Amino acid sequence: MNPKSERFLSLDVFRGMTICFMIIVNTPGSGAQPFSPLEHAAWFGFTPTDLVFPSFLFAVGNAMSFTMKKFDSLSTGQVVYRILKRGLIIFLIGYLMSWFPFADHTKDGWVMRPFSETRIMGVLQRIGLCYIFGSLIIYFVRNRTWVFIISALLLVGYWVLLLIYGDPAAPYGMLTNAGTYLDKFLFGDAHLYHGEGVAFDPEGVLSTLPAIVNVICGYYAGRFIQEKGKGYETIARLTLMGALFIFLALFWGMAFPIGKKLWSSPFTLLTVGLDMVIISALIYLVEVRHWNKANWTSFFTTVGKNPLAIYILSEVLVIIFWMIRIGDQNFMGWINSVFFQKIAPGAIGSLLFAISYMLLCWCVGKILDKNKVYIRV
């Protein structure tokens, strides 16, 4: 069989694992501090949680390596239209999610949430932008050597922009980096993320530049796997390439620190390298050794078949949990205080809620999969 026509279960499992872990780290139970590996690094540094979002982008690139084959029969105008349409729809969904539920209940009744306080950028917004620019670069620059050069320019150019336009005394600071300056100029403080207690957006405009490289690398990793097939050569070369990326990231990190919230260029290299190693391991376990006797891969592929829909569900549902009032608590706080924190106080209870919530979202994915409903944008 031609490797190009094969279905790669390992890539589907990788996508499902990414979504499952993303839900777990995004929705810890209230009432206790989560385990430190399930939290993002405060600024510089790296935790397993920091790998989740870039892995999502890497998986987007993997998927592109299959879907972009359909562009061969389309005109340039049709291709550009499809890319822009899909990317902008994802961006719009992300923006509407940040505005949801669009109104708040006050003592005077329902009051519309003002547009002037909505966050413009976000996770899905970054995915949409990275998809657009990654797809356009790959489509129009057919020579992969030039694509690699452009990727290098994005990484180095981002570093240079931070050094030139950031505060000379602290070019990598949360409030003193060039990306924060640009976001405040474009959107104003009210339209930025305030989860850090200040106006700073970890999914800002400037830091999207190195994130595009995560998608591009995911695309070429997917292409390489399809071209070389499910064998030891593929595993060895992907692992070695991943190790090289990790080495470069650690070396560069001595001058440009690794940090997810700044999405530093070494952070991109590190996460791409780790994703390559993880996919190599999955190819070995799933495709070569066929370690699937218990059919454990179906758990992850259930989610991986509807990744965007399940992620959106996980984000919207938890907001609804916060809106439902039980006494003087919201439902999120109530179920954690009366159940999860009672049976396992502290970080374990927080983790149990996160896993239970992920399984709830998984059940929706199972229903969709059983009925062969696959939601695509």
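Our structure is the block above this text.
Residues numbered from 1 in each chain as written. Predicted model: local features only at pLDDT ≥ 70, side-chain atom pairs only at ≥ 80, totals over all residues. Heavy atoms only, no water.

A. Examining helix α12 (residues 331–343) more closely. The end-to-end C-alpha distance of α12, which contains 13 residues, comes to 17 Å, matching closely the 18 Å that a straight helix rising 1.5 Å per residue would cover. Those residues of α12 lying buried are Met332, Gly333, Ile335, Asn336, Phe340 and Gln341. Buried residues along α12 sit in contact with α11 (307–323), β4 (329–330) and α13 (347–370). The N-cap residue of α12 is Asn330: its side-chain oxygen and the backbone nitrogen of Met332 are 3.1 Å apart. (Helix = DSSP H or I, 4+ residues; strand = E, 2+ residues; numbered from the N terminus. Expected span 1.5 Å × (residues − 1). Buried < 20%, exposed > 50% of the residue type's maximum accessible area, 1.4 Å probe, protein only. Contact = heavy atoms within 4.5 Å. Polar contact = N/O pair within 3.5 Å; in protein donor to acceptor, adjacent residues only side chain to side chain.)

B. Quick look at the environment of Thr271. Along the chain, Thr271 turns up in helix α9 (residues 265–288). Judged by its relative accessible area of 0%, Thr271 is buried. Once the C-alpha coordinates of Thr271 and Phe46 are considered, the two residues, 225 residues apart in sequence, prove to be 9.9 Å apart. Not counting residues within four places of it along the chain, the set of residues in contact with Thr271 comprises Phe46, Asp50, Leu51, Pro54 and Asn214.

C. Broad picture of the side chain of Asp183. Among the secondary structure elements, Asp183 is positioned in helix α6 (residues 178–187). Buried charge Asp183 goes without a salt bridge, the closest partner of opposite sign being Arg126 at 7.1 Å. (Lys, Arg positive; Asp, Glu negative; His and termini not counted. Salt bridge = Lys/Arg side-chain N within 4 Å of Asp/Glu carboxyl O.)

D. Molecular detail of the environment of Ile279. As for its placement among the helices and strands, Ile279 is situated in helix α9. Separated by 263 residues in the primary sequence, Ile279 and Gly16 have C-alpha atoms spaced 12 Å apart.

E. Geometry of the pattern of salt bridges. Summed over the entire model, instances satisfying the criterion amount to 10 salt bridges. With a closest N to O distance of 2.8 Å, Asp12 and Arg15 form a salt bridge. A residue pair is termed a helical-turn pair when its members lie 3 or 4 positions apart in one helix, as Asp12 and Arg15 do in helix α1 (residues 9–26) at 3 residues. A relative accessible area of 16% means that Arg15 is categorised as buried. The partner of Lys260 in a salt bridge is Glu203, with the nearest N and O atoms 3.2 Å apart.

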